[in-house]
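Chain and residue survey
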Amino acid sequence: MRRKLVVGNWKMNGSRLANAELLAALTAAGPWSCDVAVCAPFPYLADVALSLQGGRMTWGAQDCSSHEAGAYTGEVAAAMLAEFGCRYVIVGHSERRAYHAESDQLVADKAKIALAHGLTPIVCVGETLAEREGGHTDIVVKRQMSAVIHTLGHCISQVVVAYEPVWAIGTGKTATPEQAQAVHALLRTQLHAATPKVEEMQILYGGSVKADNAASLFSQPDIDGGLIGGASLKAADFAAICRAAA
Ligand code: PGA
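Our subject in this report is the structure included herewith. (Residues numbered from 1 in each chain as written. Predicted model: local features only at pLDDT ≥ 70, side-chain atom pairs only at ≥ 80, totals over all residues. Heavy atoms only, no water.)

**A short note on the site of the ligand**
Taken together, 13 residues form the shell around the ligand, and within it K11, H93, E164, G170 and S208 come nearest. Of the residues assigned to the shell around the ligand, the class counts are 4 nonpolar, 7 polar and 2 charged. (Near = heavy atom within 4 Å. Nonpolar A, V, L, I, M, F, W, Y, C, P; charged D, E, K, R; others polar.)

**Digging into the side chain of E164**
Along the chain, E164 falls in the loop between β6 (160-163) and α8 (177-192). Comment: no salt bridge for buried E164; closest opposite-charge side chain is K11, at 6.3 Å. At a separation of 3.2 Å, a polar atom in the side chain of E164 contacts the side chain of H93. If we skip the residues at most four places from it in the chain, E164 touches H93, C124, V125, G126, E127, I169, G206, G207 and L227. (Helix = DSSP H or I, 4+ residues; strand = E, 2+ residues; numbered from the N terminus. Buried < 20%, exposed > 50% of the residue type's maximum accessible area, 1.4 Å probe, protein only. Lys, Arg positive; Asp, Glu negative; His and termini not counted. Salt bridge = Lys/Arg side-chain N within 4 Å of Asp/Glu carboxyl O. Polar contact = N/O pair within 3.5 Å; in protein donor to acceptor, adjacent residues only side chain to side chain. Contact = heavy atoms within 4.5 Å.)

**So, the pairing of strand β7 (residues 203-206)**
Residues in a regular strand point their side chains to alternate faces of the sheet. Going residue by residue along β7, you find I203 and Y205 tucked away on one face and L204 and G206 tucked away on the opposite face as well. When β6 meets β7, the two strands line up parallel, connected through 3 bridges. Bridging across to β7, V161 finds its partner in I203. Read from β6 through α8 to β7, the crossover connection turns out right-handed. Strand direction decides the pairing type here: β7 and strand β8 (residues 225-228), joined by 2 bridges, are parallel. From the neighbouring strand, G206 faces β8, where its bridge partner is L227. (Pairing = 2+ DSSP bridges. Right-handed = clockwise from strand over helix to strand, strands pointing away.)

**Quick look at helix α1 (residues 16-29)**
A rise of 1.5 Å per residue sets the reference length of α1, with its 14 residues, at 20 Å; its end C-alpha atoms lie 20 Å apart and thus fit the reference within 8%. Of the residues making up α1, those classed as buried are N19, L22, L23 and L26. For α1, the buried positions fall inside an angular range of 95 degrees around the axis, keeping them on one side. In α1, the exposed positions angled more than 90 degrees off the buried face are occupied by L17, E21 and A28. (Expected span 1.5 Å × (residues − 1). Arc of directions from axis to C-beta.)

**A few points about the environment of T195**
In this structure, T195 sits in the loop between α8 and β7. Between the alpha carbons of T195 and I149 there is a distance of 9.3 Å; along the sequence they are 46 residues apart. At 2.9 Å, the side chain of T195 forms a polar contact with the backbone nitrogen of K197.

**Here we look at the sheet that holds strand β4 (residues 88-91)**
Each strand in a sheet pairs with its neighbour through backbone hydrogen bonds, running either in the same direction (parallel) or in the opposite one (antiparallel). Strand order in the closed barrel formed by 8 strands is β1-β2-β3-β4-β5-β6-β7-β8, and the pairing between neighbours is parallel. Neighbour-to-neighbour, the strand axes of this sheet turn through a mean angle of 25 degrees, independent of strand direction. Looking at chain direction, strand β1 (residues 5-9) and strand β2 (residues 35-39) are connected through 5 bridges and run parallel. Bridged to V7 within β2 is A37. Lying over the sheet, α8 contacts β5 (120-125), β6 and β7, oriented at roughly 150 degrees with respect to β7. Against the sheet, helix α10 (residues 235-245) contacts β1, β2 and β8, and its axis sits at roughly 160 degrees relative to β1. (Axes fitted to C-alpha atoms, helices over the stretch in contact; angles between N-to-C directions.)

Below, the structure is given as structure tokens:
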């Protein structure tokens with residue numbers, strides 16, 4: 001039985017005060033019988049580590065560099081995230097792919113360097129509305145996944161995958177449980193060819209997951225939890241989603 005995992009993706013939101021209040025409320029609301037993590041903006045990682053260390057919740061970042069170290073102004077190395085106790089790092093979020101022109105190969109390189117530093121990459125894949133309407137969902141997500149499979153080899157079993165249809169992110173339009181399950185099953189079949197440990201791999205759904213739709217999504221056989229944006233910023237909403245996964 002795979003454990004469910006719920007990850008909050010705070011994106012570029014929060015403040016030291018708001019984060020402290022949010023984490024205090026979540027700590028009071030938990031623990032849950034699923035894995036729970038929050039992915040915070042870089043400057044807050046030290047605060048988050050202080051708030052959460054010794055507890056059940058873990059934390060991570062929202063991106064990392066594909067390079068070890070060096071002259072890459074503005075970038076943050078996976079080794080640095082590890083120093084701040086990060087368990088996870090999101091790579092290939094559609095906002096990074098869209099606004100920073102991240103390629104499938106760059107995302108795969110980021111996943112590789114994250115693993116090398118003991119972090120678990122949360123590899124995001126997902127199609128745009130135009131790609132879905134054009135009937136290209138399967139081809140797009142398989143292409144995105146395949147770059148990571150080829151780069152990581154058998155280590156692919158150590159990543160968490162997040163299927164996030166771009167048209168569902170921040171729009172209030174959630175994929176139906178059946179739509180999401182179909183893509184999750186497709187991804188698991190693709191991963192099956194790459195690793196015998198596929199049944200242990202967590203594949204999360206992301207895109208307008210809310211307290212009222214989480215349970216039906218998480219009840220699908222290949223949906224192992226969620227990557228939560230907007231609803232992760234409100235303690236009551238995020239706690240309700242964690243309860244739905246538990
Ligand atoms: P959303 O974002 O829950 O606000 O749709 C999810 C994500 O982008 O990870």
